[in-house]
Each structure stands twice: as C-alpha cells, then as structure tokens.
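Structural overview
Listed below are the residues making up each chain.
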Amino acid sequence: MLTARCLSDDPLAHLEAAGHVCVLKDAFDFESPSEIANLILAEDCEAALALHLYRGGRLLQGHRIPFGVIFGGTDVNEDANQAEKNTVMGRVLEEARFAVAFTESMKEMAQAQWKARQISLAVTSAVPVQPHAKGKIYVQSQGIATTPNAAFNWNTFLQRSEINQSADNLHIFLLICGLRQVKDPLYLVDAFSAWHQEEPNVYLVIVGPEVDPVFTREVKAKVKRAAGVRLIGEMPQEDLHAVVKNCFAVVNSSVSEGMSAAILEAMDLEVPVLARNIPGNAAVVKHEVTGLLFSNPQEFVHLAKRLVSDPALEKEIVVNGREYVRMYHSWQVERDTYQQLIRKLEGSTED
C-alpha cells in the first residue's frame, strides 16, 4: 500500500484481517516509478492500493500489477485543477481496477473531471476512448474507531506544552494536522492569540508531523511569537486520542479536505468540533447540529466564545456528533467494503 500521509492505516488493517500480507510505504519516499518496480520485485507484490490518485497512483502505472486507488481529497479538490496532474490522474484512473471516494460529492467531482477529459480526447482522436471513471468509483466513508490511552497523563501533556495553569480552568482547542500549506495551520493563529490576551485560559495547540520542512520552519517561527498558541510534534495514535478526549474542542482550518479523520474521531470521543467551511468539512459537519462551521478567523473566535459560554450548545453538538459517527462511519462496514474490493485485484496479474 502506498500512502500520501493523508489517511490512517485502517485500510491496511482491513486487508491484513482478511489474510493478506501487506507492505505499507509512504509515497513521499519514492522519486520515480523505477523505485516502485524494485520494491514490487523485492517484496514479490501481487497487487497494490494507492492512497491519493496523484501522489500514490502515478507511481503504480505500467508495472503490470493490478491496483486500486483511494481519493485523498487534495487530488480531486486541488491537483485536478492543474492540467498536467489532471492528465496523469486520468491515466491512473483508467488503469486502476477501482477507486474509492469518501463522499457522493467527491465521486461526482471525480466523474465530472475525467469524463470531461474523455470527451476532450475523443474529439481529437479517431480511436474510441474508454471512460476513465465509469463504474469504477465506490463511495465508502471513513470508518472510525478510537482507542485513547487510559494511562495518558493530561497534566504532563500540558506541562510539555508549556501551559502552566490548572487544568480545571483551561479551554484547550486542538488543531491536528501535518504541517503543510493545504492544512493552513496558521490561519487562526493571529485571531486566537488576540483572544488569548483577552482570556488567558484559552489555548490553541497544534499537533502533527513536520511534512513540509520549509513550511514547518515558517510555522515554528510564527507560533513562537504568538501568545496562547503551542506546537507539538507527532504523537502515537492512542496518546493523540487521549489528548482529543481531554481537550475542549477540536479545530480544522484546512483549505481542502477529503474527509477529516480528526473531526470524526473528535465526534466519536464526544468532543465538539469547529471546522472551516469547505466542502469536505461541510460534508460531515452540519452547522449547529454536529459541529460549528466558520468562514474566517473572526467568525471562528465568535463561535468558539459562544461554545465556551453555552454548555447546552456544547452538549447538543456532542450528542449529535457521536450519533452521526455511529450511524454513518462504521469501522466494520468500511472493513467489509475493502475486503470485497480487494477481490477485484486477486488472481489477475496476467490479465
């Protein structure tokens, strides 16, 4: 499986549970398809599953092993707008045995993108062009299962974050993301810092891996100067779930999302969510029902203050969010889907 740092490894767990031996690799570790060819040979791979149509999928073309792809979000929302990447992804989708979208809207966007490319090719070629996406895209929302570390020490985490106040009086807003521009972790920093200076018991803690080294330096420099904002590195998943469970609210400020696992995990852990109003977030967060949506930093602060001062609203959002995840993001349903899809890749390396 090739990942693009955009998903959890749940699909891997589902495939291993069905008896498959899997190798998990980060697409960012490979510079060319030839390196993938060496990996396929060394590991005797019979099939592959790529996470992210461009970053992962393009590396699997032409290796004569069947593969499927899972849309990451930025591939459909961002990369598809660049002509060269769009062309590459169309070819990947044509070769893939199946593709998985998290939502119906994501499926429709992908179908529209590569149907348009198919029509364009048909106009300029006398050779019949096969649809890239027709009948290949399946909708499966992310399945959620949280496992907070019961032994996690919240006070130790606060000390590590250099937050030297009693936990009883704090309101910790948690932003979970890899440090890259599409996640826009600095979007709320100035507005939140100004709010912290008015109310010193509110903090924004950013947690995640250093994905883009250049951008990471920019984030570190900005956070260092921002009162009430802290930056913590990547954490083990069980510890991160424990942090989510202890914080006041989880925040998402991304420019683009496929489907945010952090949002869904917060809902599962009965923690309120404040998310930037973009299509990927709006697909899972219904404003004032399962969470709160904001369109600018000032609106975020307004809604955050409202959430702090309105326990009834907080309770309602938490109850609705938890019920939403239980109904629409079953981990078992996700497992069944991937175990069925992987059969499309079995026993067909010569086809």
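Rules behind the numbers
Residues numbered from 1 in each chain as written. Predicted model: local features only at pLDDT ≥ 70, side-chain atom pairs only at ≥ 80, totals over all residues. Heavy atoms only, no water. UniProt positions renumbered as here; feature names shortened; annotations may be inferred. Helix = DSSP H or I, 4+ residues; strand = E, 2+ residues; numbered from the N terminus. Rg over C-alpha atoms; globule rule 2.2 N^0.38 Å. Contact = heavy atoms within 4.5 Å. Areas by Shrake-Rupley, 256 points an atom, 1.4 Å probe, with all protein chains shown as cover. Lys, Arg positive; Asp, Glu negative; His and termini not counted. Charge placed at Lys NZ, Arg CZ, Asp CG, Glu CD. Core = buried A, V, L, I, M, F, W, Y, C linked by side-chain atoms within 4.5 Å. Buried < 20%, exposed > 50% of the residue type's maximum accessible area, 1.4 Å probe, protein only. Domains from an automatic or database assignment. Polar contact = N/O pair within 3.5 Å; in protein donor to acceptor, adjacent residues only side chain to side chain. Expected span 1.5 Å × (residues − 1). Arc of directions from axis to C-beta. Pairing = 2+ DSSP bridges. Axes fitted to C-alpha atoms, helices over the stretch in contact; angles between N-to-C directions. Parallel < 35°, antiparallel > 145°, perpendicular 65-115°, else oblique. Left-handed = near helix turned anticlockwise from the far one by under 90°. Nonpolar A, V, L, I, M, F, W, Y, C, P; charged D, E, K, R; others polar. Salt bridge = Lys/Arg side-chain N within 4 Å of Asp/Glu carboxyl O.

Per an unreviewed UniProt entry, the protein chain goes by Glycosyltransferase 1 domain-containing protein 1 and derives from Pan troglodytes. The heading Sequence similarities (unreviewed entry) in the UniProt record of the protein chain holds the text "Belongs to the glycosyltransferase group 1 family. Glycosyltransferase 4 subfamily." The UniProt entry for the protein chain carries this comment under Subcellular location (unreviewed entry): "Secreted".

Counting secondary structure elements, the protein chain contains 14 helices and twelve strands. A compact globule built from 351 residues should have a C-alpha radius of gyration of about 20 Å, and the protein chain, at 21 Å, falls within 12% of that. When its C-alpha atoms are laid out on the principal axes, the protein chain stretches across 65 × 45 × 40 Å. Summarising the internal contacts of the protein chain: among those between residues at least 6 apart in sequence, 71% fall at separations of at least 24. On the protein chain, roughly 16300 Å² of surface is accessible, and the fraction owed to carbon and sulfur atoms is 47%. Taken together, the 33 basic and 45 acidic charged side chains of the protein chain have centroids lying 3 Å from each other.

With that out of the way, let us pick up the nonpolar core. If you look at the biggest cluster of nonpolar residues, it comprises 73 residues, and the most contacted ones within it are Phe71, Phe157 and Ile172. Residue contributions to this core reach at least three from each of two domains, namely domain 1 (1–142 + 330–341) and domain 2 (152–327). Setting aside anything within four residues of it in sequence, one finds phenylalanine 71 in contact with Leu53, Val76, Leu93, Ala99, Val100, Ala101, Phe102, Met106, Ala110 and Ile137. Counting residues in hydrophobic clusters, the runner-up holds 32 residues, among them Phe173, Val189, Ala249 and Phe294.

What follows is about the side chain of glutamine 339. Counting through the fold element by element, glutamine 339 comes out in helix α14 (residues 331–341). In terms of polar contacts, glutamine 339 uses its side chain to reach the backbone carbonyl oxygen of histidine 14, at 3.0 Å. Not counting residues up to four positions away in its chain, the partners in contact with glutamine 339 are His14, Ala17 and Ala18.

Okay, helix α8 (residues 213–224) next. The first and last C-alpha atoms of α8 sit 16 Å apart over twelve residues, in line with the 16 Å expected at 1.5 Å per residue. Listing the buried residues of α8 in full gives Phe215, Thr216, Val219 and Val223. What you see down the axis of α8 is that its buried residues fit within an arc of 105 degrees, all on one side. The exposed residues of α8 that point more than 90 degrees off its buried face are Pro213, Val214, Arg217 and Lys224. On its buried face, α8 is in contact with β8 (202–207) and β9 (229–232). Two or three places before valine 214, at the start of α8, stands the capping residue aspartate 212, its side-chain oxygen 3.1 Å from that residue's backbone nitrogen.

The next point concerns the environment of leucine 240. Of note, leucine 240 is situated in helix α9 (residues 237–246). Residue classification places leucine 240 among the buried residues on the basis of a relative accessible area of 14%. Measuring from C-alpha to C-alpha, the distance between leucine 240 and alanine 13 comes to 19 Å, with 227 residues separating the pair along the chain. For leucine 240, the contacting residues outside a window of four places in its chain are Ile176, Val207 and Met235.

Turning next to the sheet that holds β9. In spatial order, the strands read β9-β8-β7-β10-β11-β12; together these six strands make up an open sheet with parallel pairing. The sheet terminates laterally at β9 and β12 (292–294), the two strands that pair on one side only. Neighbour to neighbour, the strand axes of the sheet diverge by 25 degrees on average, direction disregarded. Pairing analysis gives six bridges linking strand β7 (residues 171–176) to β8, with the strands arranged parallel. By the bridge assignment, isoleucine 172 is partnered in β8 with tyrosine 203. Strand contacts of helix α10 (residues 261–268): β7, β10 (249–252) and β11 (273–276), with the helix running at about 160 degrees to β11, the strand carrying the most contacts. Contacts between helix α12 (residues 297–309) and the sheet are confined to β7, β10, β11 and β12, with β12 contributing the most and set at about 155 degrees to the helix.

Turning our eyes to something else, we now look at the packing of helix α7 (residues 189–198) against α12. The contact between α7 and α12 brings their axes to 9 Å, and the two run at 40 degrees. The orientation of α7 relative to α12 falls into the category oblique. α7 and α12 meet at a crossing whose hand is right-handed. Between α7, through Ala191, Phe192, Trp195 and Glu198, and α12, the contact on the second element is made entirely by Pro297, Phe300, Val301, Ala304, Lys305 and Val308. Each residue belonging to the contact of α7 with α12 can be placed in one class, and the counts come to eight nonpolar, no polar and two charged.

This part takes up the pattern of salt bridges. Counted under the stated rule, the structure contains nine salt bridges. Linking lysine 222 and aspartate 190 is a salt bridge whose minimum nitrogen-to-oxygen distance equals 2.9 Å. Here the residue lysine 222 occupies a position in helix α8, and aspartate 190 occupies one in helix α7, the gap between them amounting to 32 residues. Judged by its relative accessible area of 23%, lysine 222 falls in the partly exposed class. By relative accessible area, aspartate 190 is classed as exposed at 51%.

Next up on the list: the UniProt feature "domain: Glycosyl transferase family" (unreviewed entry) in the protein chain. Per the UniProt entry, the sites bearing "domain: Glycosyl transferase family" (unreviewed entry) are residues 164–323 in this numbering. From the first C-alpha to the last, residues 164–323 spans 35 Å; its make-up is 44% helix and 17% strand.

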